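Chain and residue survey
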Amino acid sequence: MTRTSPTPDSARLPVRVPLVTRPLGLWDSLQATRDNVLSIIPEVALRRPIVSGRTGKRWHMVMDPEAIRRVLLENLENYPKSLVTKNLLRPAVGESLFIAEGAHWRWQRRTAAPAFSHRNVLNLAPVMTRAAERSVARIAGAGPRAVEMMQEMVTTTFDVISDVTFSSGEGFQRDTVHRAIDAYISEAGKVSLFDVLGFPDWVPRPGRLRAGGVPEMRQVADRAIQRRIDEGPDDVPDLLDLLLAGEDPESGRKMSLPELRDNLLTFIVAGHETTALALSWALYLMAFDQKAQDRARAEAQSVLSDGLARGEDVPQLVFTRHVVDEALRLYPPGGLVSRTALAGDRLCGTGILPGDTVMLPIYALHRHEALWEDPQAFRPDRWAGERPDRYAYLPFGDGPRICIGASFALQEAVIILSTLLANFRFTPVKGRNPKPVMILTLRPEGGVWLEAERVR
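1. Notes on the overall build of the chain
Secondary structure assignment for the chain yields 17 helices and 11 strands. Here the chain, with 456 residues, has 56% of them falling under the buried criterion. A sequence separation of at least 24 residues applies to 73% of the contacts in the chain between residues at least 6 apart. Summed over all atoms, the accessible surface of the chain reaches about 19,100 Å², with 54% contributed by carbon and sulfur.

2. Notes on empty space enclosed by the protein
The tally for this structure, following the rule as stated, stands at 1 cavity of 30 Å³ or more. Space inside the largest cavity adds up to approximately 60 Å³. Lining the largest cavity are Thr274, Thr275, Ala278, Val324, Leu328, Pro333, Phe396, Ala409, Leu410 and Ala413. Sorting the residues of the lining of the largest cavity by element identifies α13 (257-288), α15 (318-330) and α17 (406-423) as the ones contributing at least two each. Broken down by class, the residue content of the lining of the largest cavity amounts to 8 nonpolar, 2 polar and no charged.

3. Quick word on the pattern of salt bridges
One pass over the structure, following the stated rule, counts 30 salt bridges. In this structure, the salt-bridge partner of Arg70 is Asp345, at a minimum N-O distance of 3.0 Å. Taken together, the positions of Arg70 in helix α2 (residues 65-74) and Asp345 in strand β5 (residues 345-347) put the pair 275 residues apart, joining distant regions of the chain. The class for Arg70 is partly exposed, based on a relative accessible area of 28%. Looking at Asp345, the relative accessible area reads 11%, which means it is buried. Across the pair Arg134 and Asp159 runs a salt bridge, and its minimum N-O distance is 3.5 Å. Of this pair, Arg134 sits in helix α6 (residues 125-141) while Asp159 sits in helix α7 (residues 149-165), placing them 25 residues apart in sequence.

4. Let's talk about the confidence of the model for the chain
Low pLDDT means the predicted atomic positions in that stretch should not be read closely. On average, the chain scores 86 in pLDDT, and the residues at 70 or more come to 85%. Across residues 1-9 the pLDDT falls below 50, and counting only partners more than four positions away or on other chains, this stretch makes 19 contacts in the model.

5. Some points on the sheet that holds strand β11 (residues 449-454)
Within a sheet, adjacent strands bond to each other through the backbone by hydrogen bonds, running parallel or antiparallel. Reading across from one edge, β3-β11-β8 is the order of the 3 strands in this open sheet, with antiparallel pairing throughout. Because the sheet does not close on itself, it has two edges, and the strands there are β3 (147-148) and β8 (424-428). Of the strand pairs in this sheet, β3 and β11 are connected by 2 bridges, and their pairing is antiparallel. Bridged to Glu148 within β11 is Trp449. Packed onto the sheet, α17 meets β8 and β11 and runs at close to 90° relative to β8.

6. Describing the nonpolar core
Ranked by internal contacts, the top residues of the largest apolar core, which has 118 residues, are Ile41, Met149, Leu420 and Phe426. Ranked by residues supplied to this core, first place goes to α13 with 16 residues. Not counting residues up to four positions away in its chain, the partners in contact with Phe426 are Met149, Leu283, Ala287, Gln290, Gln293, Arg297, Leu420, Leu421, Leu450, Glu451 and Ala452. With 16 residues, the next largest nonpolar core counts Ile68, Leu360, Leu365 and Tyr391 among its residues.

7. Remarks on α15
Here α15 spans 19 Å end to end across 13 residues, near enough to the 18 Å set by a 1.5 Å rise per residue. With 11 of its 13 residues buried, α15 lies for the most part within the structure. All of the buried residues in α15 are Phe319, Thr320, His322, Val323, Val324, Asp325, Glu326, Ala327, Leu328, Arg329 and Leu330. Next to the buried residues of α15 lie α13, α14 (290-303), α16 (362-365) and α17.

The rules behind these values
Residues numbered from 1 in each chain as written. Predicted model: local features only at pLDDT ≥ 70, side-chain atom pairs only at ≥ 80, totals over all residues. Heavy atoms only, no water. Helix = DSSP H or I, 4+ residues; strand = E, 2+ residues; numbered from the N terminus. Buried < 20%, exposed > 50% of the residue type's maximum accessible area, 1.4 Å probe, protein only. Contact = heavy atoms within 4.5 Å. Areas by Shrake-Rupley, 256 points an atom, 1.4 Å probe, with all protein chains shown as cover. 1 Å grid on protein atoms, 1.4 Å probe; cavity = no way out; pocket = protein on both sides within 12 Å on 5 of 7 lines; lining within 4 Å. Points joined across faces, edges and corners; volume = space filled by probe spheres on them. Nonpolar A, V, L, I, M, F, W, Y, C, P; charged D, E, K, R; others polar. Salt bridge = Lys/Arg side-chain N within 4 Å of Asp/Glu carboxyl O. pLDDT = per-residue confidence, 0-100. Pairing = 2+ DSSP bridges. Axes fitted to C-alpha atoms, helices over the stretch in contact; angles between N-to-C directions. Core = buried A, V, L, I, M, F, W, Y, C linked by side-chain atoms within 4.5 Å. Expected span 1.5 Å × (residues − 1).

Okay, here's the thing in structure tokens:
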């Protein structure tokens, strides 16, 4: 396996994934996928609109915005999520919004959508502020030593998602669910040789059979839901209350308890992991670029009256939002997604056959030389001008299946990041740069180790 050599200015650029410079065989592809999914992306994907090949099955990587628009919007029904994706996630989240297709997905989406309206998301902002305040206290309490900010952000965002999901806190064993999620992502999320060879999903995958914690996670959620049904909602409805009350406006159908459980677990898994990653990478970038950090801190201190960001402050935190957008461009949590073609099609002039795997390497799309100026560099100000083509920037996907919690995640990220920057100056720990590695999500391997100096 050959990797690209670092460019001479690599020391002045944020960390990135070395991409492949020649085709990989089946075994090398499997090993690369298990170690870092993004390491199978060919380096030429940064310049071409499409790259095709065969590794057990025919595959195509698409980086052209118009072709991606066809996959995600115009011909959506022809490109369901790949069997590999479903095999990885179904044991944990069942047939929830993330997995379901067609009519089963549509009615669930219609039922859940009102819970994520702008009004409801803004109503949940105080939970985000309180979690940010607790994070400030933990970091300050660590004293004058380096803090591993990835774990701190996981703790903070899990505080948020568990509070907005099960606000009473009783009957919901946070630690059990948290451990189960981490174990599942670490063990079961690794692609099996059977996946690469296209074996049917009824063939057991040993790694997924070994993954522990999922039954306990589902049982904890079931008990918490039943407790809420028995006791009724609190004064301010949380996400569970909103989903219990929700019904499909077209059919009047409500979610069954298993459907409610699977969707709540989807929101819990996706709602803390992805935002924690966005924040971790944003903090790494803030430490990497002290001038940008000073600018974001000045903005936060001018807007926040007491060092704590609130929902109504978010529209004024413009540069902080640009930092989040740029972190999501450089390190999208879902750096590669895949679909399976049901029928023949053409993308970028290339014939797509039924059964072909069509991959959208978001990591390469966000760094494509034809779509971005100075694509490898951290430049938050690129978001102050004209926004890129809608299908050139996809941290939350797009089309009908765009992430239902995107506005929730962005509000949360801006509140937490601005609060931390208003209170601390972050500097990198020498020799501890994170390594971008994707299994299910694009994580900073080795952690984000930063020194935090109190500024308030």
